[in-house]
Structures are given as structure tokens and as C-alpha cells.
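Close look at the chain arrangement
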Amino acid sequence: KIMQSLTKAEEAELRFLRNEVDKYVVEEGRLDRHPNVKNDLARARRELKEYTKKLQKAGRHIYC
């Protein structure tokens, strides 16, 4: 199966989801973090994983 490059929209969505994970990882390390940060981080990771799986199934090449 030939891998296709991501569209601009897919790149933007992937970048957003990765940034969400990064944001909550940083937030989790703060002393004054908000009480739902663990749930938010788990959700962000799950959404990123689901999106990357969807892209892979569609034959998209995902750059790390």
C-alpha cells in the first residue's frame, strides 16, 4: 500500500492534538495544577492515538 502525505488540514489537526498532550503533560507537573489534569491528559492521549490510527488506516504517512 502506498503511503500518502498528510493534507494541510490533517497536519493541523495532528499538530493541535500533539500540542494538547504536551500542554497537559506540562500542567501535570505543576504544583498548582487543576484537579482534572489527569483526566484531561488521558483524554488528549486517547484522541491523539485514535486520530493517528485513523490516518494510518487511510494510508497516510505520519511524520514524528
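Before going into details, it helps to say that this report is about the structure given with it. Keep in mind the model is a prediction, meaning the values are calculated, not measured. (Residues numbered from 1 in each chain as written. Predicted model: local features only at pLDDT ≥ 70, side-chain atom pairs only at ≥ 80, totals over all residues. Heavy atoms only, no water.)

Evaluated as defined, the whole model comprises seven salt bridges. For Glu 10, the salt bridge goes to Arg 60, with nearest N and O atoms at 2.8 Å. Placement of the pair is Glu 10 in helix H1 (residues 8–28) and Arg 60 in the segment after helix H2 (37–57), with a sequence separation of 50 residues. Between Arg 43 and Glu 47 there is a salt bridge whose closest N-O contact spans 3.7 Å. Residue Arg 43 and its partner Glu 47 are both found in helix H2; the two are separated by four residues, about one turn of the helix. The exposure class assigned to Glu 47 is partly exposed, which follows from its relative accessible area of 32%. (Salt bridge = Lys/Arg side-chain N within 4 Å of Asp/Glu carboxyl O. Helix = DSSP H or I, 4+ residues; strand = E, 2+ residues; numbered from the N terminus. Buried < 20%, exposed > 50% of the residue type's maximum accessible area, 1.4 Å probe, protein only.)

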